[in-house]
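Report on the structure
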Amino acid sequence: MLALMSDTLDFDIVIIGGGPAGGLASLALAARGFSCALVDAADPGVMRGAAFDGRTSAISYASARVFKRLGLWDAIAPDAEAIRDILVTDGRARSWLSDGAVSPFSLHFDSSELGPDQPLGWIVENRVIRDVLFDAIDASDNVTLMAPASRAATKFNPGEAIVDLADGRRLSAALVIAADGRRSALRAEAGIKTNDWSYGQAGIVATVAHEKPHDGVAHEFFLPSGPFAILPMTNYRSSLVWTERAEAAPAYMALDDDKFRIEIENRFGEHLGAVAPAGPRWSYPLAFTLAQSYVSPRLALIGDAAHAIHPIAGQGYNLGIKDIAALADVLTDGRDVGLDIGALTVLQNYQKWRRFDSAALALGCDSLVRLFSNDIGPLRLVRDIGMSAAGKFKPMREFFMRQAGADMGALPSLMAREG
Ligand SMILES: Cc1cc2nc3c(=O)[nH]c(=O)nc-3n(C[C@H](O)[C@H](O)[C@H](O)COP(=O)(O)OP(=O)(O)OC[C@H]3O[C@@H](n4cnc5c(N)ncnc54)[C@H](O)[C@@H]3O)c2cc1C
């Protein structure tokens, strides 16, 4: 519980960043009985708005268990579209240079191979996730939301961490969680170095309405400029994540709706009938950032503050969800045996659990981007043969589906399989 002592507000945990990772972390930790302050520089009213974030997230089926166990899924489910199949194709966009031919080699992931009524995941609009998280945070006795409020300075003392907000409030806690995104200032102040590179690509995100049903099929076309994903949404809509060379993206962003529709059709094909843009477009610069450590005394990194990756496999937030579930177990176990939850010895259990696992997945996605974002003949041949072989081999398909479902390795209790 929050206690007011002199001018300092005391909590068990202060979380900096109320985005998808920080918001979910506050609820997971509150459910374990930790008092949490959740601080975000942005106004929650603005963050809940449709104009703030046009992305959708592919939520893996193991990540969905976390929302279910925290009692959040019932509010998300009406706006979540199940992914029944994923079709991956090596292709070329239609243009005056090319007839848009796709390779005869493609990969098909069919959810029925995982078991009856087990979707590969769900596509959910980020604005829905933010809404559900903020509603639950508002209703939680164990989370105090401080937003808009910026973190000004942080001291990591031997017995406690002190966080000063720009508005003059002072917070103290045993542990601070950095959920302040890819460019985490908290991570930098703690002296944690990163490995970073830019892909020279932008992710153009838009929603399109279409004539025919998508039947829960997600498509990923590997085009020379980068992957082009069509993700099934509710109500005859799909979300596009169109990776484009960074220098070409502004021109596509500036097109009027009619010209944009023609560009989409050139990439989309005709399988969904007539398509039309439904709403605004967003463009995100794509880069890789991996923290060299996820912990330091009284500090733990989660979400994009720990690892920001290319959206090629829709895994960024899913990695953050697994961080949160693992950290909740580590902190609960530490507290229950009387340990200081901010002590490095406790936090190192989180680092051991998550860093290798997430670094391996982050680098795997990075290799996919490099292998597929080009049109070099010999590379096309190698990847097409690889796709064809993987597609024919059931255990290999199952491995990829479980990997994409985040259903592998040591699962934290919030993600564990039922039964
Ligand atoms: C095009 C695209 C498509 C994607 N698709 C998928 C997908 O399908 N599936 C998937 O799993 N992932 C996907 N991702 C990745 C996913 O969107 C991110 O991993 C996720 O949004 C990261 O959330 P976060 O809370 O860690 O960081 P952020 O969303 O960056 O939130 C950080 C928060 O910290 C706050 N903050 C920063 N500094 C301060 C400060 N000093 N004081 C107070 N607050 C501060 C900010 O205001 C912000 O709200 C995609 C990413 C992109 C770019």
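Because the structure is predicted, anything quoted here is derived from the model rather than measured.

This next bit is on the packing of aromatic side chains. Using the criterion set out here, one finds six aromatic pairs in the structure. Ring plane angle 65° and centroid distance 5.9 Å describe the contact between phenylalanine 228 and tryptophan 242, whose orientation is recorded as edge-to-face. With phenylalanine 228 in strand 17 (residues 226–233) and tryptophan 242 in strand 18 (residues 237–245), this residue pair connects regions lying 14 residues apart in the sequence. Within the aromatic cluster, the residues linked to one another by ring pairs are Phe228, Trp242, Tyr252 and Phe260.

Moving on: the site of the ligand. Lining the immediate environment of the ligand, one finds 29 residues, of which Ala21, Asp40, Ala58, Asp304 and Tyr317 sit closest. At 3.2 Å from an oxygen atom of the ligand is found a side-chain nitrogen or oxygen belonging to arginine 55. Arginine 151 places a polar main-chain atom, nitrogen or oxygen, 3.2 Å from a nitrogen atom of the ligand. Surface burial for the ligand is 85%, taken as the share of its 1,000 Å² of free accessible area covered by protein chains. Counting only elements with at least two residues in the shell around the ligand, the list comes to helix 1 (20–31), strand 5 (56–60) and helix 9 (316–336).

The next point concerns the confidence of the model for the protein chain. Looking at the protein chain, the pLDDT average stands at 90 and 88% of residues meet or exceed 70. Throughout residues 1–5 the model reports pLDDT below 50, and contacts reaching past four residues in sequence, or to other chains, amount to 14 contacts.

To continue, consider the sheet that holds strand 10 (residues 143–146). Strands belonging to one sheet form pairs held by backbone hydrogen bonds; the direction of such a pair is parallel or antiparallel. In space, the six strands of this open sheet follow the order 10-4-3-14-21-20, with mixed pairing throughout. Pairing within the sheet leaves two strands with one partner each, and these edge strands are strand 10 and strand 20 (295–296). Sheet topology note: the strand 3 (residues 13–16)/strand 4 (residues 36–39) ladder contains four bridges and is parallel. Residue pairing across strands places valine 14 opposite alanine 37, the latter belonging to strand 4.

Attention now moves to the pairing of strand 11 (residues 151–156). Pairing between strand 11 and strand 12 (residues 161–165): five bridges, direction antiparallel. Looking at the pairing, alanine 153 lines up with aspartate 164 of strand 12. If you look at the hairpin formed by strand 11 and strand 12, you'll find four residues sitting between the two strands.

On to the packing of helix 1 against helix 9, then. A pair of packed helices is captured by two measures, namely the crossing angle of their axes and the spacing between those axes. Packing of helix 1 against helix 9 brings their axes to within 10 Å, and their N-to-C directions diverge by 25°. Relative to helix 9, the element helix 1 is oriented roughly parallel. Here helix 1 and helix 9 pass one another in a crossing that is right-handed. Between helix 1 and helix 9, the contacting residues are Pro20, Ala21, Leu24, Ala25, Ala28 and Leu29 on the first element and Tyr317, Ile321, Ile324, Ala328 and Leu331 on the second.

Reading the values: the criteria
Residues numbered from 1 in each chain as written. Predicted model: local features only at pLDDT ≥ 70, side-chain atom pairs only at ≥ 80, totals over all residues. Heavy atoms only, no water. Phe/Tyr/Trp six-rings, centres within 6.5 Å; stacked < 30°, edge-to-face > 60°. Helix = DSSP H or I, 4+ residues; strand = E, 2+ residues; numbered from the N terminus. Near = heavy atom within 4 Å. Polar contact = N/O pair within 3.5 Å; in protein donor to acceptor, adjacent residues only side chain to side chain. Areas by Shrake-Rupley, 256 points an atom, 1.4 Å probe, with all protein chains shown as cover. pLDDT = per-residue confidence, 0-100. Contact = heavy atoms within 4.5 Å. Pairing = 2+ DSSP bridges. Axes fitted to C-alpha atoms, helices over the stretch in contact; angles between N-to-C directions. Parallel < 35°, antiparallel > 145°, perpendicular 65-115°, else oblique. Left-handed = near helix turned anticlockwise from the far one by under 90°.

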